[in-house]
Amino acid sequence: MRYFLPLVLFLFFGCDFQGNNVKRSDEFKSEIEKFFAEQDLKGTILVFDAKNKTYYSNNFELAEKGYLPASTFKIVNSIIALETSVLKDENDSMRWDGQKRAFETWEKNMTVREAFHASCLPCYQEVARHIGVKRMKSYLNKLHYSNMDVNESTIDNFWIEGKSRITPFEQIEFLQRLYTKKLPILNSTYDKMIRIFEKENTETYKYFAKTGWSQDNYHNNGWFVGIVDKNPSVFYFALNVEPEDQKNTRKFAAGREIVTNEVLKLLQIL
């Protein structure tokens, strides 16, 4: 999808969290690397302090590299489904067809919000098929969520295998456009999406998060992306990791969130 590149670059560098006044800091690199090592992970985490316009990371080079979006695409898939009335709201029912699924926790009827946080792949594959190739491509273009390889043969798997790519920087760019209501979507879609996306709501902060895990050609890659709103400060994060040993994923699932939370505590965000 090469024709998207100039527009993406314009958006990426034209947004208020890019530019000459935005800082990059790796002052916590050694501490962050220690968190990764404790969970047998390698990769990068990118945290953006929107108020102070500062990025923190252990590896900015990896944060500019593209990876399969995996289940972080459920954020975009949900938005498009709400916009096209494939889904009504966070309480809409995603019905189980009675077939065996990869995880027993997926073998039941779920609301959209439940399926989102359970990362129910078959649920969202069905959503993508109902959206269809034409509408999916149209909305991805409209939302400036490019570099997705969408066609008739990939409509229900393009985010977990194949050529689709997104960088941690682009994840944060999209999350900020969502949270600051700069996406060209209905206000009602925004409100519903925020209710789907919210993971935790306390007296001091709101926490939004989504995991992702792809196993393309037996290669494990994982995400943990989201937002922490500590009004008036808002922080965005995108972690992308791989297991140190591709044959050992024992700590991989939980480790993504553990590392992220340790970094957010280190930065005094949580």
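Scroll up to find the structure this text is about.
Quick caveat, the model's predicted, so the values are computed rather than measured. (Residues numbered from 1 in each chain as written. Predicted model: local features only at pLDDT ≥ 70, side-chain atom pairs only at ≥ 80, totals over all residues. Heavy atoms only, no water.)

A. Structural detail: the pairing of strand E3 (residues 54–57). Going residue by residue along E3, you find Thr 54 and Tyr 56 tucked away on one face and Tyr 55 and Ser 57 tucked away on the opposite face as well. Across three bridges, strand E1 (residues 23–25) lies against E3 in parallel orientation. Bridge pairing in E3 links Arg 24 to Tyr 55. Sheet topology note: the strand E2 (residues 41–49)/E3 ladder contains four bridges and is antiparallel. Pairing of Asp 49 across the sheet is with Thr 54, part of E3. Hairpin connection between E2 and E3: a loop of four residues separates the two successive antiparallel strands, and Lys 53 in this loop has a positive phi of roughly 50 degrees. (Buried < 20%, exposed > 50% of the residue type's maximum accessible area, 1.4 Å probe, protein only. Helix = DSSP H or I, 4+ residues; strand = E, 2+ residues; numbered from the N terminus. Pairing = 2+ DSSP bridges.)

B. View of the pattern of salt bridges. Inspection of the entire model under this criterion finds eight salt bridges. Residues Arg 177 and Glu 173 are paired through a salt bridge, measuring 2.6 Å at the closest nitrogen-oxygen approach. Here Glu 173 and Arg 177 lie together in helix H7 (residues 168–179), a separation of four residues that amounts to about one turn. Per residue, the accessibility class of Arg 177 equals that of Glu 173, and both read buried. Residue Lys 199 pairs with Glu 257 through a salt bridge whose shortest N-O separation is 3.7 Å. One end of the pair, Lys 199, is in strand E6 (residues 198–201); the other, Glu 257, is in helix H9 (residues 252–266), and 58 residues separate them in sequence. Since its relative accessible area comes to 37%, Lys 199 is described here as partly exposed. Among the residues examined, Glu 257 registers a relative accessible area of 25% and is labelled partly exposed. Through salt bridges that share partners, Glu 126, Arg 129 and Asp 156 make up one connected network. (Salt bridge = Lys/Arg side-chain N within 4 Å of Asp/Glu carboxyl O.)

C. How the structure looks around the layout of surface pockets. Space inside the largest pocket adds up to approximately 570 Å³. Ranked by residue count, the leading element in the lining of the largest pocket is strand E7 (residues 206–216), at six residues. Among the residues forming the lining of the largest pocket, the class breakdown is seven nonpolar, eight polar and four charged. (1 Å grid on protein atoms, 1.4 Å probe; cavity = no way out; pocket = protein on both sides within 12 Å on 5 of 7 lines; lining within 4 Å. Points joined across faces, edges and corners; volume = space filled by probe spheres on them. Nonpolar A, V, L, I, M, F, W, Y, C, P; charged D, E, K, R; others polar.)

D. How the structure looks around the nonpolar core. Judged by nonpolar contacts, the single largest core of 61 residues is most densely connected at Ile 75, Ile 79, Met 136, Leu 140, Leu 178 and Phe 197. The dominant element in this core, judged by the number of residues it contributes, is helix H6 (residues 121–142), at nine residues. (Core = buried A, V, L, I, M, F, W, Y, C linked by side-chain atoms within 4.5 Å.)

E. Main features of unusual backbone geometry. Cis geometry marks the peptide bond from Asn 231 to Pro 232, where omega comes out at 15 degrees. By the secondary structure assignment, Pro 232 is in the loop between strand E8 (219–230) and strand E9 (233–243). Unlike most non-glycine residues, Asn 217 shows phi in positive territory, near 55 degrees. With respect to the element layout, Asn 217 can be found in the loop between E7 and E8. When its relative accessible area of 68% is taken as the criterion, Asn 217 is described as exposed.

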